[in-house]
Every structure is written in structure tokens, then in C-alpha cells.
Amino acid sequence: MDLKLKDKTVFITGSTAGIGFATAKALLNEGAKVIVNGRTNQSIDSALSKLKQDFPSGDVSGFAADFGDLESAKLLCATLPELDILINNVGIYKAAPFFEMEDSSWYQQFENNVMSGVRLSRHFLPKMLKKNWGRILFISSECAELVPPDLLAYSMTKTAMVAIAKGLAQLTKASGVTVNSILPGSTLSEGAEQFLKDEAAKSGKTKETVEADFFKEVRTSSLLQRFATVDEVASTIAYYCSPLASATNGSALKVEGGSTGGLI
Ligand SMILES: NC(=O)c1ccc[n+]([C@@H]2O[C@H](COP(=O)([O-])OP(=O)(O)OC[C@H]3O[C@@H](n4cnc5c(N)ncnc54)[C@H](OP(=O)(O)O)[C@@H]3O)[C@@H](O)[C@H]2O)c1
């Protein structure tokens with residue numbers, strides 16, 4: 001299917017690895033012009049060289065900015081070109097019991113996960129409305145709905161992202177702009193891969209057994225009963241970037257392997 005994304009300019013936060021990087025690949029494959037982001041020039045250069053290898057004629061560039069740092073985010077808004085598509089993907093998490101989670105950790109996760117998307121949307125949404133076309137996607141999580149107690153602060157940020165996308169969509173009435181949130185489930189990014197390896201080393205089990213046990217004992221509601229691949233999530237994100245997805249607006253779109261249940 002041609003997603004009709006040729007020459008659309010896309011910025012993806014947190015995209016030198018994981019779901020963001022896979023999304024960059026999916027969009028380059030559709031002929032979009034992609035700007036990737038990570039915290040350092042070194043990680044950007046490494047991501048760009050991999051992408052240029054896979055897409056030698058692709059239009060791809062990078063911009064280092066740390067969303068934990070307000071000045072860096074401001075500079076980003078001032079420097080980026082006009083965008084057709086903004087993907088608010090960056091997300092950090094800290095797992096800890098509620099009674100042990102420091103204020104600073106709540107604020108840090110809020111700053112990175114929520115305020116990054118708020119600031120970029122405040123800057124780019126008016127420009128999209130002016131030209132009457134645009135896509136903003138907030139990459140939330142199944143945790144927005146499941147709210148695991150050891151991931152309470154993270155889950156709060158992910159629920160906030162769904163609310164913000166819904167609210168911003170109200171500002172797009174009768175325009176060609178849409179704002180949606182995407183809720184991935186457990187996804188085999190480099191971070192998740194490392195988690196499985198660490199758990200395997202700690203427990204003496206194989207990585208495969210650790211994964212199977214995670215779905216048997218922790219994410220029991222998953223219908224998929226395995227981690228999604230980053231490409232499975234990226235292809236969903238790419239579709240909702242497309243002009244073909246023009247009738248979906250203000251929605252919370254799940255790619256969580258059925259873990260959140262519910263009728264809708
Ligand atoms: N993986 C999952 O199971 C899962 C499930 C549900 C939802 N999600 C959500 O999907 C999104 C992507 O997840 P992921 O697992 O692919 O992430 P990840 O692998 O942890 O993401 C790493 C990327 O984020 C960048 N990054 C980290 N902190 C940053 C900061 N302060 N400023 C700018 N970039 C930063 C890293 O860049 P550098 O290292 O180059 O700085 C790298 O490009 C997140 O919002 C996450 O909450 C993930």
C-alpha cells in the first residue's frame with residue numbers, strides 16, 4: 001500500500017533506537033524526509049549512518065536535543081524546519097514501588113514524556129493548521145490504561161499523553177490536521193532486549209523462558225503472549241501518519257497485543 005508520504009517532513013523524538021528508529025525506517029521507506037533525534041551527536045551520527053546504508057537516496061538528517069533540558073528543547077523549536085508530521089515518541093521510565101519513588105523522578109518522567117510533546121505541539125500545531133495539513137502522534141503506552149503500580153509515574157505520563165492528544169484534536173476541527181495517540185504494548189526495543197538478557201543472567205533461565213514467564217506471570221492479559229517487534233509498532237505508526245488515515249482524529253489507537261481488553 002502506498003501511504004502517500006513521499007516528501008512529507010517528519011520529526012521523531014527519541015529515534016536513534018527502538019520504536020522511533022524503526023519508525024524512521026518505515027517512513028523513509030515511504031519516501032518521507034525524516035529528522036531523527038537523540039541526546040548526543042554521537043548517537044545521531046551512528047543512527048544516520050545505519051539509515052543511510054539502508055536508504056542511500058533517503059532524505060534523512062538528525063538533531064541532538066535532550067528533552068530533560070528545557071533550553072535544548074527551546075533550541076530545537078527554533079531550529080527545526082516546518083514539519084508535516086510530528087511524532088512525540090521520546091519516553092523514559094523508572095520502575096519503583098510507589099512509596100519509594102522520589103518527587104524528582106515523577107517530575108523527570110513528566111518533563112521528558114509529557115512536556116516534550118506539549119512544547120513541540122504548541123510550536124508546530126499552529127503552523128500545521130495554517131497550511132491545513134498535518135499529523136501529530138503521541139506515542140503513549142498500554143500502561144496508560146493498565147497502570148501497573150510499579151510504573152505509576154510513567155503510567156501517569158502516558159495517560160496524560162492520551163488526554164493531550166484528545167484535547168489538541170479538538171483544535172483541528174474541519175481541518176486536514178489530525179492528532180492521535182498510539183498505545184504500544186510490550187515491545188522488543190533494545191531496552192526490552194537488555195531487560196530480558198539481564199533477567200536471564202540473574203535467574204539462570206533462557207531469554208525465551210524469561211519472556212514466556214513475563215506473559216504468564218506479569219502481562220497476563222496479553223493476547224499476543226510475546227513482545228511485539230519494533231517493526232510491528234512502527235508500521236502502525238506509519239499508517240496513522242498517512243493521508244489515508246484522515247478520518248481518525250482524537251483517537252487512542254492500540255497496538256498492545258490485546259493487553260488492555262475492553263470492548264472498544
Ligand atoms: N518498548 C516498549 O515496550 C514500549 C511499550 C509501550 C510504550 N513504549 C513507548 O514508546 C516510546 C519509545 O520506546 P522505546 O522502547 O523504543 O524507547 P527506547 O528504546 O528506550 O528509546 C531510546 C531512544 O530515546 C532517546 N532518548 C532517551 N532519552 C532522551 C532524551 N531525554 N531526549 C532525547 N532523546 C532521548 C534515545 O536517544 P539517545 O540514546 O541517542 O540519546 C533513543 O533514541 C516511548 O515513549 C515508550 O514509553 C515503549
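Predicted, not measured: the structure shown is a model, and the values here were computed from it.

*Asks:* Tell me about the pairing of strand E6 (residues 177-184), and please be specific about residues and values.
*Replies:* Across the 8 residues of E6, 8 count as buried, placing the element largely inside the fold. Of the two faces of E6, both are covered, the one formed by Val-177, Val-179, Ser-181 and Leu-183 as well as the one formed by Thr-178, Asn-180, Ile-182 and Pro-184. Examined bridge by bridge, strand E5 (residues 134-139) and E6 share 6 bridges and lie parallel to one another. Bridge assignment links Leu-137 to a residue of E6, and that residue is Asn-180. Bridging between E6 and strand E7 (residues 252-255) involves 4 bridges; their strand directions are parallel. Paired with Leu-183 across the strands is Lys-254, a residue of E7.

*Asks:* So what about the packing of helix H3 (residues 70-79) against helix H4 (residues 103-131)? Which residues, and what values?
*Replies:* Interhelical geometry of H3 versus H4 gives an angle of 20° and a closest axis separation of 10 Å. Comparing their axes, H4 and H3 come out roughly parallel. Where H3 crosses over H4, the two elements pack in a sense that is right-handed. Residues Leu-70, Leu-76 and Cys-77 of H3 touch H4, and the partners they reach there are Arg-119, Leu-120 and His-123.

*Asks:* Mind laying out the pattern of salt bridges, listing which residues take part and the relevant values?
*Replies:* Within the structure shown, the criterion is met by 11 salt bridges. As a salt-bridge pair, Glu-71 and Lys-74 come within 3.6 Å of each other at their nearest N and O atoms. Of this pair, Glu-71 and Lys-74 both sit in helix H3, 3 residues apart, which is roughly one turn of the helix. We note a salt bridge from Lys-216 to Asp-213, for which the minimum N-O separation is 3.7 Å. Of this pair, Lys-216 and Asp-213 are both found in helix H8 (residues 207-218), 3 residues apart, which corresponds to roughly one turn of the helix. On the basis of relative accessible area, Lys-216 is assigned to the exposed category, the value being 59%. When its relative accessible area of 12% is taken as the criterion, Asp-213 is described as buried.

*Asks:* Explain helix H1 (residues 18-29) to me, and be specific about the residues and the numbers.
*Replies:* Helix length check: H1 (12 residues) gives 17 Å between terminal C-alpha atoms against 16 Å at 1.5 Å per residue, within 8%. Extensive coverage of H1 is indicated by the burial of 9 of its 12 residues. Burial in H1 covers these residues: Gly-18, Ile-19, Gly-20, Phe-21, Ala-22, Thr-23, Ala-24, Leu-27 and Leu-28. Following H1 by one or two positions, Gly-31 has its phi on the positive side, about 85°.

*Asks:* Tell me about the side chain of Thr-260, and please be specific about residues and values.
*Replies:* Tracing the chain through its elements places Thr-260 in the segment after E7. Engagement of the side chain of Thr-260 in a polar contact is seen with the side chain of Lys-254, the distance being 2.9 Å. Of note is the side chain of Thr-260, whose polar atom sits 2.7 Å from the side chain of Glu-256. Aside from chain neighbours lying at most four places away, what touches Thr-260 is Glu-142, Glu-145, Leu-146 and Lys-254.

*Asks:* Could you give an account of the packing of aromatic side chains, with specific residues and numbers?
*Replies:* Considering all chains together, one arrives at 8 aromatic pairs under this definition. Summarising the aromatic geometry, the rings of Phe-98 and Trp-106 are spaced 6.5 Å apart at their centres and angled 85° between planes, so their arrangement reads as edge-to-face. We classify Trp-106 as partly exposed; its relative accessible area is 23%. Considering the side-chain rings of Phe-195 and Phe-214, the 6.4 Å spacing of their centres and the 75° angle between planes classify their relative orientation as edge-to-face. In this pair, Phe-195 is assigned in helix H7 (residues 190-203) and Phe-214 in helix H8, connecting sequence segments 19 residues apart. With a relative accessible area of 34%, Phe-195 lands in the partly exposed category. Here Phe-214 falls in the buried class, since its relative accessible area comes to 15%. Among the aromatic residues, ring-to-ring pairing joins Phe-195, Phe-214, Phe-215 and Phe-227 into one connected group. Here the guanidinium or amino end of Lys-8 rests over the ring plane of Trp-133, the centre of that ring lying 4.0 Å away.

Cut-offs applied
Residues numbered from 1 in each chain as written. Predicted model: local features only at pLDDT ≥ 70, side-chain atom pairs only at ≥ 80, totals over all residues. Heavy atoms only, no water. Buried < 20%, exposed > 50% of the residue type's maximum accessible area, 1.4 Å probe, protein only. Helix = DSSP H or I, 4+ residues; strand = E, 2+ residues; numbered from the N terminus. Pairing = 2+ DSSP bridges. Axes fitted to C-alpha atoms, helices over the stretch in contact; angles between N-to-C directions. Parallel < 35°, antiparallel > 145°, perpendicular 65-115°, else oblique. Left-handed = near helix turned anticlockwise from the far one by under 90°. Contact = heavy atoms within 4.5 Å. Salt bridge = Lys/Arg side-chain N within 4 Å of Asp/Glu carboxyl O. Expected span 1.5 Å × (residues − 1). Polar contact = N/O pair within 3.5 Å; in protein donor to acceptor, adjacent residues only side chain to side chain. Phe/Tyr/Trp six-rings, centres within 6.5 Å; stacked < 30°, edge-to-face > 60°. Lys NZ or Arg CZ within 6 Å of the ring centre and 35° of its normal.

In short, shape yes, function no, at least from these values alone.
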